[in-house]
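Coordinate analysis (summary)
Letter by letter, the chains look like this.
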Amino acid sequence: MNILAPLVLAASLSLGTASAATPAATAATAATAKPRPTVVLVHGAFADGSSWNKVIPLLQAQGLNAVAVQNPLTSLEDDVTFTNRVVNAQSGPVVLVGHSWGGSVITQAGGHDKVKALVYVAAFAPSLNAAPVVDTKDFPTPPGFAHFIADADGYLTLPADAIARDFAQDVSAEEANLIHATQGAVRGANFEQPVTVAAWTSKPSWYIVAAQDRMIDPGAQRALAKKIGATTTVLPTSHVPMVSDPESVAKVIVAAARAAAK
């Protein structure tokens with residue numbers, strides 16, 4: 001492990017790392033330095049916190065603390081409660097990152113005072129008092145929607161072939177199998193729930209568009225990014241860029257953390 005990595009990050013984030021040789025100067029700098037942001041990662045539907053497994057080490061290598069939320073996917077309120085519990089546990093500023101359905105969660109939970117920046121990864125970004133489906137209804141229905149399996153309680157899952165073909169078509173067969181095996185069943189009614197907070201209206205946002213997405217139309221993603229005024233990155237990936245291109249996703253999150261640290 002590179003023990004200098006935290007110092008390199010501190011310099012790049014302009015957090016005031018001391019260069020003076022005296023203990024007094026070092027103590028004074030430490031007292032005035034801003035705490036580094038913690039990255040809180042919110043998974044989407046048909047997933048769990050393990051969807052961030054490749055991104056977390058990259059953030060940690062840059063000296064950032066990163067925590068993945070394990071949301072139940074049972075309702076917007078439940079997922080926001082679980083996310084806020086993690087945000088509350090952090091001692092400093094937070095960069096809140098949401099994938100897919102997780103975009104609705106961070107839109108609501110991002111109203112928390114500790115949250116200083118939002119990162120949407122192929123994600124919904126609802127307007128105030130609107131459900132996520134509102135922003136996508138005028139765009140083509142994604143191919144993956146044809147393969148949902150609904151149980152008697154209205155919870156949705158995706159079969160293995162749909163995961164490999166429509167959800168994560170640019171990962172290995174072994175990774176697609178793991179995504180299928182670890183997916184969380186999502187309550188279908190979640191997508192009709194309106195948010196009562198739209199944090200992107202008051203906090204800086206970043207958006208990663210997945211150009212080969214077969215779960216949320218890429219055109220809809222571009223429109224969402226424009227609507228929220230996000231700093232936008234387009235990646236040639238499936239719906240899960242954090243799995244197929246974690247380096248590019250981590251780069252965007254680090255940029256958001258740099259901004260949050262100013």
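Just so we're clear, the structure is a prediction, and the values are computed from it rather than from any experiment.

In terms of helices and strands, the protein chain carries 10 helices and 9 strands. Long-range contacts, defined here as pairs at least 24 residues apart, represent 70% of the contacts in the protein chain between residues at least 6 apart. Total accessible area on the protein chain stands at roughly 11,200 Å², and carbon and sulfur atoms take up 58% of it.

So, on to the pattern of salt bridges. Enumeration according to the criterion identifies 6 salt bridges in this entry. Put simply, Asp138 and Lys137 hold a salt bridge, and the shortest N to O gap is 3.5 Å. With a shortest N-O distance of 3.9 Å, Asp161 and Arg165 are connected by a salt bridge. Placement of both Asp161 and Arg165 in helix α6 (residues 160–167) is noted, with a separation of 4 residues, approximately one turn of the helix. A relative accessible area of 34% places Arg165 in the partly exposed class.

It is at 9 Å that the axes of helix α4 (residues 76–88) and helix α5 (residues 102–109) come closest, and there the two elements cross at 65°. Every pair of crossing elements has a handedness; the one defined by α4 and α5 is right-handed. Residues Leu76, Asp79, Val80, Thr83 and Asn84 of α4 pack against Ser104, Val105, Gln108 and Ala109 of α5. In terms of residue class, the contact of α4 with α5 is built from 4 nonpolar, 4 polar and 1 charged.

Each pair of packed helices can be summarised by the angle the axes make with each other and by the distance between the axes. It is the contact of α6 with helix α7 (residues 173–182), at a shortest axis distance of 9 Å, that shows an interaxial angle of 120°. Relative to α7, the element α6 is oriented oblique. As for how α6 packs across α7, the hand of that crossing is right-handed. Residue-level inspection shows Ala160, Ile163, Ala164 and Phe167 of α6 in contact with α7, the latter providing Ala176, Ile179 and His180. The residue inventory of the contact of α6 with α7, partitioned by class, reads 6 nonpolar, 1 polar and no charged.

Let us look at the sheet that holds strand β6 (residues 155–157). Read from one edge to the other, the open sheet built from 3 strands follows the order β5-β6-β7, with strand pairing classed as antiparallel. Since the sheet does not close on itself, it has two edges, and those belong to β5 (149–150) and β7 (186–187), each with one partner. Note that β6 and β7 share 2 bridges and pair antiparallel. Paired with Leu156 across the two strands is Val186, which belongs to β7.

This next bit is on unusual backbone geometry. Of note in this structure, Phe46 is not a glycine but carries a positive phi near 60°. Within the secondary structure, Phe46 sits in the loop between β1 (38–42) and α3 (55–61). On the basis of relative accessibility, which here comes to 4%, the residue Phe46 falls in the buried class. The phi angle at Leu73 is positive, at roughly 65°, despite the residue not being glycine. With respect to the helices and strands, Leu73 occurs in the loop between β2 (65–69) and α4.

What counts and how
Residues numbered from 1 in each chain as written. Predicted model: local features only at pLDDT ≥ 70, side-chain atom pairs only at ≥ 80, totals over all residues. Heavy atoms only, no water. Helix = DSSP H or I, 4+ residues; strand = E, 2+ residues; numbered from the N terminus. Contact = heavy atoms within 4.5 Å. Areas by Shrake-Rupley, 256 points an atom, 1.4 Å probe, with all protein chains shown as cover. Salt bridge = Lys/Arg side-chain N within 4 Å of Asp/Glu carboxyl O. Buried < 20%, exposed > 50% of the residue type's maximum accessible area, 1.4 Å probe, protein only. Axes fitted to C-alpha atoms, helices over the stretch in contact; angles between N-to-C directions. Left-handed = near helix turned anticlockwise from the far one by under 90°. Nonpolar A, V, L, I, M, F, W, Y, C, P; charged D, E, K, R; others polar. Parallel < 35°, antiparallel > 145°, perpendicular 65-115°, else oblique. Pairing = 2+ DSSP bridges.

Honestly, that's just the spatial picture; any functional story needs more than this.
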